[in-house]
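Descriptive structure summary
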Amino acid sequence: MSKERVLITGAAGFLGSHLCDRFMKEGYYVIGMDNLITGSMDNIAHLMGQEDFEFHHHDVTKYVHISGDLKYILHFASPASPIDYLKIPIQTLKVGAHGTHNLLGLAKDKKARILVASTSEVYGDPLVHPQTEEYYGNVNPIGPRGVYDEAKRFMESITMAYHTYHKLETRIIRIFNTYGPRMRLNDGRVLPAFIGQALRGEDLTVFGDGSQTRSFCYVDDLVEGIYRLLLSDYAYPVNIGNPDEITISEFAEEIIKLTGTAQKVIYKDLPKDDPKQRKPDTTKAQELLKWSPKVNRAEGLKITYDYFKSLDREKLFQTEHKDFEKYSKK
Ligand code: NAD
Ligand code: UDP
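Summarised in this report is the structure supplied together with it. (Residues numbered from 1 in each chain as written. Chains lettered and ligands numbered in written order. Predicted model: local features only at pLDDT ≥ 70, side-chain atom pairs only at ≥ 80, totals over all residues. Heavy atoms only, no water.)

**Observations concerning the side chain of Thr 205**
- Secondary-structure assignment places Thr 205 in strand E8 (residues 204–207).
- A polar atom in the side chain of Thr 205 sits 2.8 Å from the side chain of Gln 197.
- Look past the residues within four positions of Thr 205 in its chain and what remains in contact with it is Phe 194, Gln 197, Ile 266 and Lys 268. (Helix = DSSP H or I, 4+ residues; strand = E, 2+ residues; numbered from the N terminus. Polar contact = N/O pair within 3.5 Å; in protein donor to acceptor, adjacent residues only side chain to side chain. Contact = heavy atoms within 4.5 Å.)

**What about the pairing of strand E4 (residues 72–75)?**
- Burial along E4 is two-sided: Tyr 72 and Leu 74 and Ile 73 and His 75, pointing in opposite directions, are all buried.
- Two strands pair when backbone bridges link them, and strand E1 (residues 5–9) and E4 are joined in this way by four bridges, in the parallel orientation. If you follow Ile 8 over to E4, its bridge partner there is Leu 74.
- Where E4 and strand E5 (residues 113–119) come together, four bridges link them in parallel fashion. The residue of E5 that forms the bridge with Tyr 72 is Arg 113. (Buried < 20%, exposed > 50% of the residue type's maximum accessible area, 1.4 Å probe, protein only. Pairing = 2+ DSSP bridges.)

**Digging into the site of ligand 1**
- Neighbouring ligand 1 are 29 residues, the closest being Leu 15, Asp 34, Thr 38, Tyr 148 and Lys 152.
- Here a nitrogen atom of ligand 1 and a backbone polar atom of Asn 35 are 3.1 Å apart.
- Mapped by element, the contributors of at least two residues to the shell around ligand 1 are helix H1 (14–25), E5 and helix H4 (146–166).
- Tallying contributions element by element places E5 first for the shell around ligand 1, with three residues.
- A breakdown of the residues in the shell around ligand 1 according to their chemical character gives 13 nonpolar, 12 polar and four charged. (Near = heavy atom within 4 Å. Nonpolar A, V, L, I, M, F, W, Y, C, P; charged D, E, K, R; others polar.)

**Quick word on the packing of aromatic side chains**
- Scanning the entire structure with this criterion turns up 11 aromatic pairs.
- With centroids separated by 6.1 Å and ring planes inclined at 40°, the aromatic side chains of Tyr 123 and Phe 176 adopt a geometry described as tilted. With Tyr 123 in the loop between E5 and H4 and Phe 176 in the loop between strand E6 (170–175) and strand E7 (178–179), this pair connects stretches of sequence that are 53 residues apart. Taken as a pair, Tyr 123 and Phe 176 share a single burial class, namely buried.
- Grouping aromatic residues by their ring pairs yields a cluster made of Phe 23, Tyr 28, Tyr 72 and Tyr 227. (Phe/Tyr/Trp six-rings, centres within 6.5 Å; stacked < 30°, edge-to-face > 60°.)

**Remarks on the pattern of salt bridges**
- Inspection of every chain in the model, using the stated rule, returns 25 salt bridges.
- Of the charged contacts, one joins Glu 134 and Lys 284 as a salt bridge, the two residues approaching to 2.6 Å between their closest N and O atoms. Of the two residues, Glu 134 sits in the loop between E5 and H4 while Lys 284 sits in helix H8 (residues 283–289), which places them 150 residues apart along the sequence.
- Lys 272 serves as the salt-bridge partner of Asp 273, at 3.8 Å between the closest nitrogen and oxygen.
- With a relative accessible area of 29%, Asp 273 lands in the partly exposed category.
- Look at the salt bridges and you will find they share partners, linking Arg 22, Glu 26, Glu 224 and Arg 228 into a network. (Salt bridge = Lys/Arg side-chain N within 4 Å of Asp/Glu carboxyl O.)

**Some remarks on the site of ligand 2**
- Taken together, 18 residues are adjacent to ligand 2, and Thr 205, Phe 207, Arg 214, Asp 274 and Arg 278 come closest.
- The contact in question runs from an oxygen atom of ligand 2 to an N or O atom on the side chain of Gln 212, over 3.0 Å.
- Asp 274 is positioned such that a nitrogen or oxygen atom in its side chain is 2.5 Å from an oxygen atom of ligand 2.
- Coverage of ligand 2 by the protein chains reaches 95% of its 520 Å² of free accessible surface.
- The residue makeup of the shell around ligand 2, split by class, is eight nonpolar, four polar and six charged. (Areas by Shrake-Rupley, 256 points an atom, 1.4 Å probe, with all protein chains shown as cover.)

**Details of the packing of helix H3 (residues 89–110) against H4**
- Contact geometry of H3 with H4 gives a least axis separation of 8 Å together with a crossing angle of 15°. Comparing the axis directions of H3 and H4 gives the class roughly parallel. Handedness of the H3/H4 crossing: right-handed. Along its contact with H3, which presents Pro 89, Thr 92, Leu 93, Gly 96, Ala 97, Thr 100, His 101, Leu 104, Gly 105 and Lys 108, the element H4 presents Val 147, Tyr 148, Ala 151, Phe 154, Met 155, Ile 158, Thr 159, Tyr 162 and His 166. (Axes fitted to C-alpha atoms, helices over the stretch in contact; angles between N-to-C directions. Parallel < 35°, antiparallel > 145°, perpendicular 65-115°, else oblique. Left-handed = near helix turned anticlockwise from the far one by under 90°.)

Structural data, given as structure tokens:
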């Protein structure tokens, strides 16, 4: 019997590549699609040439054609780090809007179920804490983060419209800060930024006074949540993230301890609209999916640090993240 086929967009990215691995393990035929704007073929090199995997180098904002059946579509293509979407704002808006529209059209044509990757950024700089799925958010549509936040809000909206109007089977996941191997060392997100700085012997740059909070989820836990949500019958948004909240200052201290660096923390301006607090309320995921995170931060950080240490030194010194200040001027 031929295998069920799944299309994963953003396949060469951090999360997309882990999803490809998971679906291959579950016995699916995986079609990965990516235009490599922020991703890297290194992330899926181990899958290339395998008989149950194929890769399409394609921009999903252009018409997407796949021949044959599709059981599932997972739409993960989108710049995801603040530095990326500040650098490529129009592409970020287009992949959330045109890209999602194209994939919903494909799902309708193939009678496939589609799961779209939304984000805690739909809550903006949240005034409700922790964030439940019922909270509508506090987003600045014309601020620097608006291109990402509003693209994702539009994505949720058009996905629900296809669900109600075309009776399409849809799933919406709101992903909170996730980390693990295959993050790009220079993508500007806080974890690769801090670990990269420690490995290069630079001081760790905390933005603002470091009292802002985040809640970091290890990638394997997230992938499990995605898998369970896809197979569930729930069409409304579900938060997936680790509720273990920490300030960015405390996080910097944890990285200093983990890496044993002799460097110190230095403080830089807080980027505009940087959320002051973020923590998922995961009651829905627990009740509907019987999901809760299993990997604590100490374990997850150790695995991630080992991964970054194993990279070529050349990658370590591609310090594109330093552009952040240029792109995040108030
Ligand atoms: P990533 O940058 O590593 O991966 C995104 C991938 O999408 C890249 O490989 C990129 O080349 C590809 N891509 C972008 N635009 C494309 C286009 N037009 N056509 C085809 N491919 C395109 O980022 P990630 O962390 O893996 O994020 C994946 C998804 O998860 C994104 O939709 C992001 O918004 C969402 N998300 C991630 C996090 C997180 O903490 N990692 C949190 C919330 C939401
Ligand atoms: N941050 C920091 N130093 C850095 C990079 C990020 O202090 O070198 C802060 C950033 O201002 C934010 C938090 O770390 O408050 C998380 O940033 P990230 O870019 O990882 O993701 P966000 O949750 O803001 O989308």
